[in-house]
Amino acid sequence: MRLDLTGKKPLSGAHAELLDKISAANRSEYASFINAISVDYADNIDWWVTPFACRNTYASDTFLNCCKLELAKTLLNEGKKIEQIIVSSKGMRDALCGIIADRNFIDIKLEKSFTDRISDSFRPIYNILATIYHITFQLFWARVYPKKHSSTVKDGIILIDTFLYEDSATNDDIKDRHYPGLEEYLHEQERARIKYLPTFYKIRNYRNTIKAVRKQSEKYILKEDYLRINDYLYALLHSIRIRTFRKRAYLYRDNDITSLVNEDFYTNTWAYSSVEALLKYRLARRMAECSVNISCYIDWYENQEIDHGLNAGMRKYYPAAKSVGYQGYHAAKNYLSMFPIEQEYKSKVIPYELMVIGKGLIEEPKEFCQDILVATAPALRQMRIHKKNPGRANNKGEYSILVALPAVQTDYLRIINLLKDINQRAAIRNYLQLNNVQFLLKLHPSITGRAMYDVREMLEHSGIRLADRGLYEHLDSSNLFVSTASGTCLEALGKGIPVIIVGSDRGLTYNPVPADVPKQMWRICFTENTFIKAIKEFIDCNEERNNNYIENGKQIRKKYFEPVTRTNIVKFLKLDVSKSIKTIL
């Protein structure tokens, strides 16, 4: 047997499922591993803004690679005959050689294309050029469109961390994806205290975005208005300062993974996320020097590099400000950064209090850190979940399958190819009785430009339609929801709509469904056959089972989605209602 661990080719269904079980079994030990190392760098902000220290599994491959090592070990211990293991990095090869040193009969092959070798060699150069590009244009357009005079806020501003995307700015207006409807429940004096601190995400047209931001009547604070040149130099020199992290040994489960960790640091040399994190860290200092009065700040909490920088700065320079981290959606277990560790809490690089969107989620952030305070906050992005579903009973016999594509290219391409194969093969269509079945594809917001064009081209003549309305509008009239790594999976279940999660066949599977959600409502599939069988199972559901889904959905809504009310908003923003009433009177 040849075991391909490069991620370029799919694993077998059995191996992909086994990798998922291994990742679940290793989460706690890996968190302890990072926590133990972090003790040595407790007060070193350069450490905390690396993807490796954050356990950001979307930017750091170390956890995935450790799980792949365990996959190889498990198969060998089960007596599987492996003649060759194929890897795509020297670090992975070195780590494997240490594990199977006594198994000379196994050939470990390093397989990397010429293009990949060139890409890896120039990765730091690409990173720093991309970082300088973003910093330069953010700074330039912030100067072209300068800030207006800021009015004084008597009781201190409530600073809210948010993100802006390429399509966030439309006709000089800003579309908010993270806190929709937040200000509708506030009085005018309360709204005046709200200021947004944006992070620009995958934006190329900074002119339109920053121009639109400046039109928002002082609602946004840009870091460029406070930072100095030496702050930018400090952030850009981060990758030079962290070279000391590559001089130590890293042992995980008695395996020497030093080469893997060093590759992780190399890949993220001059990464924009780390530089941006340090700029947010220095921003807190500059705002304090300018006597900006902040009474509370709210971090859009994913515990990534940027979160660490922002929280470390705010907690250091604004120690009296209320510190809140808002988990605005339910994350998958393999998104390790979302689960804080003890040393992060002690080092004050995470908020003092986390707020989750449902009572059933309160214990999850405490998995590796019992000391963190956790409370509930309104489910702002999911507020429509409590509205009555208008469409499913009136779909005139058509069975609608809504497919939400994830952001990661390999994952969404796999889903598209699965759907095309199913929809175009007569035998499968007959088996599933697809004459009255409609597949509807919803693109992830990050799929834009060339990527969107490629997706549209793939769908030509496939019989699969692209969604032309908002996700919730289609969800209301859907019978089945398909996705991966999307918090919308839990929202669909809350609507009483069954869910199929497409498991990854190349890396970590991001399953966002809590363990106590009834298993009859969802399936996770690692192969085309199990995917087809799951679709067939849900299409063939009788009326009694569909009614059970609706009843279960009510319980899911109650447990995982706090309603949006003024009371919940006031609690979330840490507003002093007595002061607000006096001001109004």
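Refer to the structure presented above.
Before going into details, it helps to say that this report is about the structure given with it. (Residues numbered from 1 in each chain as written. Predicted model: local features only at pLDDT ≥ 70, side-chain atom pairs only at ≥ 80, totals over all residues. Heavy atoms only, no water.)

Each helix and strand in the protein chain was counted, giving 24 helices and 19 strands. A globule of 585 residues ought to have a C-alpha radius of gyration of about 25 Å, and the protein chain, at 25 Å, matches this closely. Projected onto its principal axes, the C-alpha positions of the protein chain cover 70 × 65 × 45 Å. Expressed as a percentage of its 585 residues, the buried residues of the protein chain come to 56%. Residue pairs at least 24 apart in sequence account for 76% of intrachain contacts in the protein chain once pairs closer than 6 positions are excluded. If the 84 positive side-chain charges of the protein chain are averaged to one point and the 69 negative ones to another, these points end up 3 Å apart. (Helix = DSSP H or I, 4+ residues; strand = E, 2+ residues; numbered from the N terminus. Rg over C-alpha atoms; globule rule 2.2 N^0.38 Å. Buried < 20%, exposed > 50% of the residue type's maximum accessible area, 1.4 Å probe, protein only. Contact = heavy atoms within 4.5 Å. Lys, Arg positive; Asp, Glu negative; His and termini not counted. Charge placed at Lys NZ, Arg CZ, Asp CG, Glu CD.)

Moving on, we get to a nonpolar patch on the surface. A surface patch of nonpolar side chains, about 540 Å² in accessible area, is lined by Phe114, Ile118, Phe122, Ile125 and Leu129. Breaking the nonpolar patch down by element, the ones donating at least two residues are α6 (114–121) and α7 (123–144). On the secondary structure map, Ile118 appears in helix α6. Looking at Ile118, the relative accessible area reads 37%, which means it is partly exposed. (Patch = residues over 30% accessible without salt bridge, like charges linked within 9 Å, V, L, I, M, F, W, Y side chains within 5 Å. Areas by Shrake-Rupley, 256 points an atom, 1.4 Å probe, with all protein chains shown as cover. Salt bridge = Lys/Arg side-chain N within 4 Å of Asp/Glu carboxyl O.)

This part is about the side chain of Asn303. Residue placement: Asn303 occurs in the loop between β10 (294–300) and α14 (305–317). A polar contact is formed between the side chain of Asn303 and the side chain of His308, at a distance of 2.9 Å. Among all residues touching Asn303, those that are not within four sequence positions of it are Cys54, Arg55, His308, Ser337, Pro340, Glu344 and Ile350. (Polar contact = N/O pair within 3.5 Å; in protein donor to acceptor, adjacent residues only side chain to side chain.)

On to the state of the cysteines. Per the stated rule, a full pass over the model turns up zero disulfides. For Cys541, which is in no disulfide, the shortest distance to another cysteine sulfur is to Cys525 and amounts to 14 Å. (Disulfide = S-S within 2.5 Å.)

A few words on empty space enclosed by the protein. Here the structure, examined in full by the defined rule, presents three cavities of 30 Å³ or more. Considering only enclosed or pocket space, the largest cavity measures out at about 80 Å³ in volume. Looking at side-chain class alone, the lining of the largest cavity contains seven nonpolar, two polar and one charged residues. Taken as a whole, the second largest cavity encloses approximately 40 Å³ of empty space. Considered class by class, the residues forming the lining of the second largest cavity number four nonpolar, four polar and one charged. (1 Å grid on protein atoms, 1.4 Å probe; cavity = no way out; pocket = protein on both sides within 12 Å on 5 of 7 lines; lining within 4 Å. Points joined across faces, edges and corners; volume = space filled by probe spheres on them. Nonpolar A, V, L, I, M, F, W, Y, C, P; charged D, E, K, R; others polar.)

Tallying each qualifying case throughout the model produces 43 salt bridges. With its nearest N and O atoms 3.5 Å apart, the salt bridge here joins Glu183 to Lys219. On the criterion of sequence distance, the pair formed by Glu183 in the loop between β6 (173–174) and α8 (188–191) and Lys219 in the loop between α9 (206–214) and α10 (229–236) is long-range, its members being 36 residues apart. By relative accessible area, which is 21% here, Glu183 ends up partly exposed. Judged by relative accessible area, Lys219 falls into the buried class, the value being 18%. The salt bridge involving Lys333 is made with Glu367; its shortest N-O contact spans 3.6 Å. Of this pair, Lys333 sits in the loop between β11 (322–327) and α15 (342–347) while Glu367 sits in the loop between β12 (353–356) and β13 (373–376), and the two are 34 residues apart along the sequence. Assessed through its relative accessible area of 34%, Glu367 is described here as partly exposed. Among the ionic contacts, a cluster of salt bridges with common partners joins Arg228, Asp231, Arg282, Arg285, Arg286 and Glu289.

Further remarks concern the sheet that holds β11. Pairing is parallel in the open sheet, where six strands are placed in the order β7-β4-β10-β11-β12-β13. Single-partner strands in this sheet number two, and they are β7 (194–200) and β13. Taken over all neighbouring pairs, the strand axes of this sheet differ in orientation by 25° on average, direction set aside. Sheet analysis places β11 next to β12, joined by four bridges and oriented parallel. Residue Tyr326 lies in a different strand from β12, and its bridge partner there is Met355. (Pairing = 2+ DSSP bridges. Axes fitted to C-alpha atoms, helices over the stretch in contact; angles between N-to-C directions.)

Once that is clear, we can look at unusual backbone geometry. Positive phi, close to 65°, is recorded for Asp172, a residue that is not glycine. Structurally, Asp172 is set in the loop between β5 (169–170) and β6. Note on Asp172: relative accessible area 34%, which makes it partly exposed. A positive phi angle, near 60°, is found at Ala485, a position not held by glycine. Along the chain, Ala485 falls in the loop between β17 (480–483) and α20 (488–494). Judged by its relative accessible area of 35%, Ala485 is partly exposed.

Here β17 shows a buried face lined by Leu480 and Val482 and a second buried face lined by Phe481 and Ser483. One ladder, built from three bridges, connects strand β14 (residues 399–404) with β17; its direction is parallel. Of the residues in β17, the one forming a bridge with Ile401 is Leu480. Bridging between β17 and strand β18 (residues 499–502) involves three bridges; their strand directions are parallel. Looking at the pairing, Ser483 lines up with Ile501 of β18.

Let us now look at the packing of helix α1 (residues 13–38) against helix α4 (residues 62–77). Interaxial distance between α1 and α4 falls to 9 Å at its minimum, and their mutual angle equals 120°. What the angle tells us is that α1 and α4 run oblique. The handedness of the crossing between α1 and α4 is right-handed. Counted together, His15, Leu18, Leu19, Ile22, Ser23, Asn26, Arg27 and Tyr30 of α1 and Thr62, Phe63, Leu64, Cys66, Cys67, Lys68, Glu70, Leu71, Thr74 and Leu75 of α4 form the full contact between these two elements. Each residue belonging to the contact of α1 with α4 can be placed in one class, and the counts come to 10 nonpolar, five polar and three charged. (Parallel < 35°, antiparallel > 145°, perpendicular 65-115°, else oblique. Left-handed = near helix turned anticlockwise from the far one by under 90°.)

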